[in-house]
Amino acid sequence: MFWRALVILVVFAMGPVSAETIRVATYNAGLSRSGPGVLLADLNKPPKEEIATALAVIQAVQPDVLLLSRIDYDLRGRALDALAMRLAEGPE
């Protein structure tokens, strides 16, 4: 929660850099799992339906700033890094 607030604060503290439109999105990703490391393991396999859906929605919207909810937290952010890598790979 702290990191999300910090990112938002930094984005707004930078002030207007140009007159371009910024696309902001919030998305209930539905990527909560029942134990530690389960989401990371799921992201490293061929995607299940809910992961494929989340990836497709985020890729379609292409937000500049994205607030994800219902995604597992891990101390080192490995699951979020894996999700970012999957998004960078492009559509399935």
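Residues numbered from 1 in each chain as written. Predicted model: local features only at pLDDT ≥ 70, side-chain atom pairs only at ≥ 80, totals over all residues. Heavy atoms only, no water.

A separate point is helix α3 (residues 49-61). Its 13 residues place the ends of α3 18 Å apart at the C-alpha level, agreeing with the 18 Å of an ideal helix rising 1.5 Å per residue. By the burial criterion, the buried members of α3 are Ile51, Ala54, Leu55, Ile58 and Gln59. One side of α3 carries all its buried residues, which in axial view fall inside an arc of 125°. Facing away from the buried side of α3, by more than 90 degrees, are the exposed residues Glu49 and Ala60. Looking at the buried residues of α3, the elements they touch are β1 (24-31), α2 (38-43), β2 (65-71) and α4 (78-89). Count one or two residues on from α3 and you reach glutamine 62, which has phi positive near 50°. (Helix = DSSP H or I, 4+ residues; strand = E, 2+ residues; numbered from the N terminus. Expected span 1.5 Å × (residues − 1). Buried < 20%, exposed > 50% of the residue type's maximum accessible area, 1.4 Å probe, protein only. Arc of directions from axis to C-beta. Contact = heavy atoms within 4.5 Å.)

As a further point, take the side chain of aspartate 42. Within the secondary structure, aspartate 42 sits in helix α2. One polar contact links aspartate 42 to arginine 33, side chain to side chain, over a distance of 2.7 Å. Setting aside chain neighbours within four positions, we find aspartate 42 in contact with Arg33, Lys48 and Ile51. (Polar contact = N/O pair within 3.5 Å; in protein donor to acceptor, adjacent residues only side chain to side chain.)

A few words now on the nonpolar core. Formed by 14 residues in total, the largest nonpolar core has its most connected members in Tyr27, Leu31, Leu39, Leu43, Leu68, Ile71 and Leu83. Elements with a contribution of two residues or more to this core: β1, α2, α3, β2 and α4. Counting residues per element, this core draws most heavily on α3, which supplies four residues. (Core = buried A, V, L, I, M, F, W, Y, C linked by side-chain atoms within 4.5 Å.)

Relative to the helices and strands, leucine 68 resides in strand β2. With relative accessibility at 11%, the residue leucine 68 sits in the buried group. Distance in space between the C-alpha atoms of leucine 68 and tyrosine 27 is 5.1 Å, their sequence separation being 41 residues.

What follows covers the pattern of salt bridges. The final tally for this structure, using the stated rule, is five salt bridges. Here arginine 33 makes a salt bridge to glutamate 50, at a shortest N to O gap of 2.9 Å. With arginine 33 in the loop between β1 and α2 and glutamate 50 in helix α3, the pair connects residues that are 17 residues apart, well separated along the chain. Arginine 33 gets classed as buried once you look at its relative accessible area, which sits at 18%. (Salt bridge = Lys/Arg side-chain N within 4 Å of Asp/Glu carboxyl O.)

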